[in-house]
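In case you want the letters, here they are:
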Amino acid sequence: MSKFPFYQQFDAMDCGPTCLRMVAKYYGKHYTTEFLRENSYITREGVSLLGISDAAEAIGMRSMGVKITFQQLKNEAPLPCIVHWGQEHFVVVHQFKKGKVCVADPAFGRIEYSEKEFCEKWISTVSGGEEKGICLLLQPTPDFYQSEDDKVKRTGFQFVFNYLKPYKKLVIQLILGFLLGSCIQLVLPFLTQSVVDIGINNQDIGFIYLVLIAQLVLFISRMSVEFIRSWILLHISTRINISIISDFLIKLMKLPLGFFDSKMIGDILQRIEDHDRIERFLTAQSIGVLFSVFSLVIFAIVLAIYSWTIFLIFIIGSALYFVWIYIFMKRRRELDFKRFSKLSENQSKLIQIINGMQEIKLNNYEKQKRWEWERVQAGLFKVSVKSLSLQQYQDAGSVFINETKNILIIIISATAVVNGELTLGMMLAIQYIIGQLNTPLRQLINFMHTAQDAKISLERLAEIHEKKDESEAGKSYVRNLPENKGITISDLVFQYEGPRSPKVLNNINLEIPEKKTTAIVGTSGSGKTTLIKLLLGFYPPVAGDIKIGGTRLANYSPQMWRDNCGVVMQDGFIFSDSIAKNIVVNDELVDQERLLNAVKMANIQDYIEALPLSYNTKIGQEGVGLSQGQKQRILIARAIYKSPEYLFFDEATNALDANNEKMIMENMDKFSAGKTVVVVAHRLSTVKNADQIVVLDTGEIVERGTHEELIAKQGKYYQLVKNQLELGN
C-alpha cells in the first residue's frame, strides 16, 4: 500500500489548508496551499473548522463537522479525516493499525500514536458521560473529480539561475579558474610518482630538487588562481544576494495590505534570511560543483588507468556513500521546516518584547514574557538536538563506508606493490588520487544538502512571489481623476475573515460630495476606520461598490489614487529618519517652501526649529522620542505636504491638547478649501463644522446630516455629544 501523501505547512497558521491539501491529494487532486488558504479565509489567528469546510466544499468535497467518540472515529468515520488537535492545531487521521493511530501532521510529518496518546491530544469535551473530540469528515462528490486541479507551479531552480545571466563573463572566468586548478592538481600525482620511482630509486638528488621546485611553482600558481577566484565569487555572490532580496522586497511592496494581516512579522523576516541559502547555492555550490564533477571524472580516469580493481572498489564505495546520505535527506527536510517555524516564532517574540517594553514594565510582566521566549528556545534546542543526532548518524555511516573503502584500497595497492604489479611511486600516486577524489565527493554531498536547503527556501519564497499583486499585471487602469471628484458608496458590505465572520460594514450607501467635509462618527468598533481603509483601496469590498465620479475605485491605479490622497491614520508610522524625510516621504528633493507651509499648518514649526539639528533631527525608534501629539502633528504635516485632492483623517487629533487642536483645525479649514475631506473623530470640536456628519453604529449608517440637524433629532449623534459634553444638563 502506497504511503499517505504528505505536505509540510509553510506557516504556523497553515495547518488547516495543508491538511485539506493532503486529503485532496489522497483522492487524486492537486491543489496549492495558497488556493486552499484563500478559500478557507485564513487570518493571523489561523483558520476555523468552518473555514476548512468552506474550502473543502469549494473544491467539490462533502464535509461534516462532528463531535464523536474515539470508537466512532475508529469504526465509523470515513478516512482520511481532519481532527482538531490539542485545541490549537489540525492533523489528518488516515489509518488505524494494530492499536496505532496513523496521523499526518503538517507541522511534524507522518506520526504513529498509541490510542492513549492520540486521545490525550484529541479529546476536547465530555458529553453524556462520553469523551469526544472534534472531527471534520470529508468525502469527494462527482464535482470533485470533474473540477480542474489548481495549477501546481513547480518550484524549480530555473527561475533562480536567471540571476546568474548578467554575470556570464565572470562565471566563465570562474569556470576557467576551476579547470586550471584541476589541471594543476592533475599533474601532482605524476610528480610524486617520479620523485619515488626515478629520483629516489636512482639516487638523483638534482632530479628530486627539480621536481620539488616544479611542485612549488604549481602550488603558487594554484594559490594565485584560488585568490582571484575568491574575489570574483565574492563580487558575484554579493550582487546576487542584493538582487534576490531587492526583488523580494519589491514583491512584498506590491502585495495588498490584506496579506500582512495574516502574516507574522517573524515569518516574513525569516523568509528574507532564507535568501542567504539560495545565494550560497547559486554561487559557491553551483559553480563549485562543476569543478568537483570535472575533478572527479579526470582523477577517476587516471585511477582506472593505474588499476581497474581499485577503481571499481572506489565506485562501489562511493555509490554506497551517496545512498547512505540520501536515506537521511527526507528527515533532514522535515527538521528544516520545524526549525523555520521555531525561528519565525523566535523573531516574533523578540520583536514583541522590544516593542512592548513599556507595557511589560507597567504590568510587571517581565518574567512571563521571558519565560515565553525561553519556551521557544527550548523548542529550538529540541530541533537542534534532533538535527545533531541525524547528522551524527549520517556522519558515522559515512566515515565507516569511506574508511572501509580506503582500507580496502590500501590493502589491494600494497599487495600489488609486493607482487611487483605496481611500483611504490605508483602506490603513493594512487593514495594521492584517492584523496583528491574524496574531496569532490564530499563537495557533491554538500551540494545535495545545499540544493535541498535552497529548494525548501524557494518553496517558501515562491509562496510570496506567486501571490497576486495589488495592481493586476496587464490591466488597463484609469490614471487621471475625473472632473466630478465626488465619492459614491453603494450597498457596501465588508467582512475581514470570510462569509461566516461578522459584517464590519453592512449595506452602506453614502454620497461624499467633492470639495466638502464629511465627518464619520460612532462608538469604537462601529467600522469607521475600516470604511477609511476601503476608501483608500486597502481592501476590496465583499459586496457593493465605491465609485469616484462614476468609475469604480478598483479601476483606478492604486498608486495614482493614493498620490492624490493625504492620509493621517490613528496608527500612522514614524520612520527612523530625519524630521524632513518623515514629512517628505515620497520626494527625493525637499521643496523647502512646501515643507515650511506643512509644519506651520500642523503647528509644529516652533518645536522643530528649537531642536539643535532642526529638520535634520533623527526621530522614530532610533532617534529623538516624540509624544503622541507631536507624532500626530508630523503625520498631519506629511499629509499637507502632498497637497492632495482628498484628505482622510482617522482620529488625527485625538492626542492633541485643546490649544493645538484649535490652531490646527483653523489652519486645516483654510488648507482644505476646495478639497474633499473625510474625517473620523470622536471630538465634537473636530466634526461640528463638517458639511455632512455620518453616524455609524455596528457597521451601519443610522443617521446623517449637519451638526444642528442631528442635535435636533436627539438620536445617536445627540447621545454621543451628550455623553461628551453633558449637553443634557
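An unreviewed UniProt entry lists the chain under the name ABC transporter ATP-binding protein, with Draconibacterium orientale given as the organism. Quoted verbatim from the Subcellular location (unreviewed entry) heading of the UniProt record, the comment on the chain is "Cell membrane".

Draft legend 1. Focus on the overall build of the chain. Within the chain, the regular secondary structure consists of 27 helices and 17 strands. In terms of overall dimensions, the chain is more spread out than a globule: its C-alpha atoms have a radius of gyration of 34 Å, far above the 27 Å expected for 729 residues. Within the chain, buried positions represent 49% of all 729 residues. Intrachain contacts of the chain at a sequence separation of at least 6 include 73% that bridge at least 24 residues.

Draft legend 2. Quick peek at helix α18 (residues 528-535). Burial runs high along α18: eight of the eight residues are buried. Of all the residues in α18, the buried ones are Lys528, Thr529, Thr530, Leu531, Ile532, Lys533, Leu534 and Leu535. Where α18 ends, the next residue or the one after it, Gly537, has phi of about 80 degrees, a positive value.

Draft legend 3. Broad picture of the pairing of strand β15 (residues 676-680). Most of β15 sits inside the fold, with five of its five residues counted as buried. Here β15 shows two buried faces, one formed by Thr676, Val678 and Val680 and the other by Val677 and Val679. Pairing between strand β10 (residues 517-522) and β15: four bridges, direction parallel. Paired with Ile520 across the two strands is Val680, which belongs to β15. A crossover links strand β14 (residues 646-650) with its parallel partner β15, the connecting element being helix α24 (residues 658-671), and its sense is right-handed.

Draft legend 4. Focus on the sheet that holds strand β8 (residues 487-494). On the basis of which strands lie adjacent, the open sheet formed by four strands has the order β9-β8-β11-β12 and antiparallel pairing. Single-partner strands in this sheet number two, and they are β9 (505-512) and β12 (551-552). Here β8 pairs with strand β11 (residues 543-548) via five bridges, running antiparallel. Within β11, the position partnered with Thr488 by the bridge is Lys547. Relative to the sheet, α18 contacts β8, β9 and β11, its axis offset from that of β8 by approximately 120 degrees.

Draft legend 5. Representation of the sheet that holds β15 in the model. Pairing is mixed in the open sheet, where six strands are placed in the order β13-β14-β15-β10-β16-β17. With partners counted over all chains shown, the strands left at the sheet margins are β13 (565-568) and β17 (700-705), one partner each. With strand direction ignored, the average angle separating the axes of adjacent strands in the sheet is 15 degrees. Examined bridge by bridge, β14 and β15 share five bridges and lie parallel to one another. Across the sheet, the residue bridging to Tyr646 is Thr676, located in β15. The strands that α18 touches are β10, β14, β15 and β16 (692-697); relative to β10, the one it contacts most, it runs at about 140 degrees. The strands touched by helix α23 (residues 628-641) are β13 and β14; relative to β13, the strand with the most contacts, the crossing angle is about 175 degrees.

Draft legend 6. Focus on unusual backbone geometry. Cis geometry marks the peptide bond from Leu79 to Pro80; its omega dihedral reads 0 degrees. By secondary structure assignment, the location of Pro80 is in the loop between α4 (70-75) and β2 (81-85). A positive phi is found at Asp491, a non-glycine position, where the angle reads about 50 degrees. Within the secondary structure layout, Asp491 lies in strand β8.

Draft legend 7. Main features of the domain arrangement of the chain. Assigned domains of the chain: these are domain 1 (14-146), domain 2 (157-466) and domain 3 (487-727). Computed from C-alpha atoms alone, the centre-to-centre distance between domain 2 and domain 3 is 54 Å.

Draft legend 8. How the structure looks around the packing of aromatic side chains. Taken as a whole, this structure holds 18 aromatic pairs when the rule is applied. On the numbers, 6.4 Å between centres and 80 degrees between planes, the contact of Tyr27 with Phe144 is edge-to-face. With a gap of 117 residues between them, Tyr27 in the loop between α1 (15-26) and α2 (33-40) and Phe144 in helix α6 (residues 142-146) connect regions that are remote in the sequence. With centroids separated by 4.9 Å and ring planes inclined at 85 degrees, the aromatic side chains of Phe494 and Tyr496 adopt a geometry described as edge-to-face. Assessed through its relative accessible area of 5%, Phe494 is described here as buried. Here the aromatic residues Phe70, Trp85, Phe96, Tyr113, Phe118 and Trp122 are joined through ring pairs into a cluster of three or more. Sitting above the plane of the Tyr7 ring, Arg21 keeps its charged end 3.7 Å from the centroid. Directly above the aromatic system of Phe671 lies the positively charged group of Lys675, at a separation of 5.0 Å from the ring centroid.

Draft legend 9. Fine view of the packing of helix α21 (residues 592-601) against α23. Their axes nearest at 8 Å, the elements α21 and α23 cross at an angle of 135 degrees. Compared by their axis directions, α21 and α23 come out oblique. The way α21 lies across α23 gives a crossing that is right-handed. For the pair formed by α21 and α23, the contact residues are Arg594, Leu595, Asn597, Ala598, Val599 and Met601 on the first element and Ala637, Ile640 and Tyr641 on the second.

Draft legend 10. Here's a closer look at a negative patch on the surface. On the surface, a cluster of negative charge is contributed by Asp587, Glu588, Asp591 and Glu593. With a relative accessible area of 31%, Asp587 lands in the partly exposed category.

Draft legend 11. Region of interest: the side chain of Ser672. Positionally, Ser672 belongs in the loop between α24 and β15. Among the polar contacts listed, one links the side chain of Ser672 to the backbone oxygen of Met668, at a separation of 2.7 Å. Here Ser672 is in contact with Leu647 and Val677, once residues within four sequence places are set aside.

Draft legend 12. How the structure looks around the nonpolar core. Within the largest apolar cluster, 44 residues are counted, with the highest numbers of intra-cluster contacts made by Ile583, Leu595, Ile634, Phe649, Met668 and Tyr717. The leading source of residues in this core is α23, at seven residues. In this structure Ile634 touches Ile574, Ile579, Asn582, Ile583, Ile604, Ile608 and Leu626, once residues within four positions along its chain are discounted. Of all hydrophobic cores here, the second largest spans 31 residues; its members include Ile520, Leu534, Phe648 and Leu696.

Draft legend 13. Main features of the pattern of salt bridges. Applying the stated criterion across every chain, the model contains nine salt bridges. We note a salt bridge from Arg370 to Glu374, for which the minimum N-O separation is 3.0 Å. Here Glu374 and Arg370 lie together in helix α16 (residues 366-418), a separation of four residues that amounts to about one turn. We classify Glu374 as partly exposed; its relative accessible area is 35%. One salt bridge in this structure joins Lys716 and Asp697, with 3.5 Å as the shortest N-O distance.

Draft legend 14. Representation of the environment of Arg375 in the model. Mapped onto the elements, Arg375 comes out in helix α16. Owing to a relative accessible area of 54%, Arg375 belongs among the exposed residues under this scheme. Sequence separation of Arg375 and His682 is 307 residues, and the distance between their C-alpha atoms is 42 Å.

What counts and how
- Residues numbered from 1 in each chain as written.
- Predicted model: local features only at pLDDT ≥ 70, side-chain atom pairs only at ≥ 80, totals over all residues.
- Heavy atoms only, no water.
- UniProt positions renumbered as here; feature names shortened; annotations may be inferred.
- Helix = DSSP H or I, 4+ residues; strand = E, 2+ residues; numbered from the N terminus.
- Rg over C-alpha atoms; globule rule 2.2 N^0.38 Å.
- Buried < 20%, exposed > 50% of the residue type's maximum accessible area, 1.4 Å probe, protein only.
- Contact = heavy atoms within 4.5 Å.
- Pairing = 2+ DSSP bridges.
- Right-handed = clockwise from strand over helix to strand, strands pointing away.
- Axes fitted to C-alpha atoms, helices over the stretch in contact; angles between N-to-C directions.
- Domains from an automatic or database assignment.
- Phe/Tyr/Trp six-rings, centres within 6.5 Å; stacked < 30°, edge-to-face > 60°.
- Lys NZ or Arg CZ within 6 Å of the ring centre and 35° of its normal.
- Parallel < 35°, antiparallel > 145°, perpendicular 65-115°, else oblique.
- Left-handed = near helix turned anticlockwise from the far one by under 90°.
- Patch = residues over 30% accessible without salt bridge, like charges linked within 9 Å, V, L, I, M, F, W, Y side chains within 5 Å.
- Areas by Shrake-Rupley, 256 points an atom, 1.4 Å probe, with all protein chains shown as cover.
- Salt bridge = Lys/Arg side-chain N within 4 Å of Asp/Glu carboxyl O.
- Lys, Arg positive; Asp, Glu negative; His and termini not counted.
- Charge placed at Lys NZ, Arg CZ, Asp CG, Glu CD.
- Polar contact = N/O pair within 3.5 Å; in protein donor to acceptor, adjacent residues only side chain to side chain.
- Core = buried A, V, L, I, M, F, W, Y, C linked by side-chain atoms within 4.5 Å.

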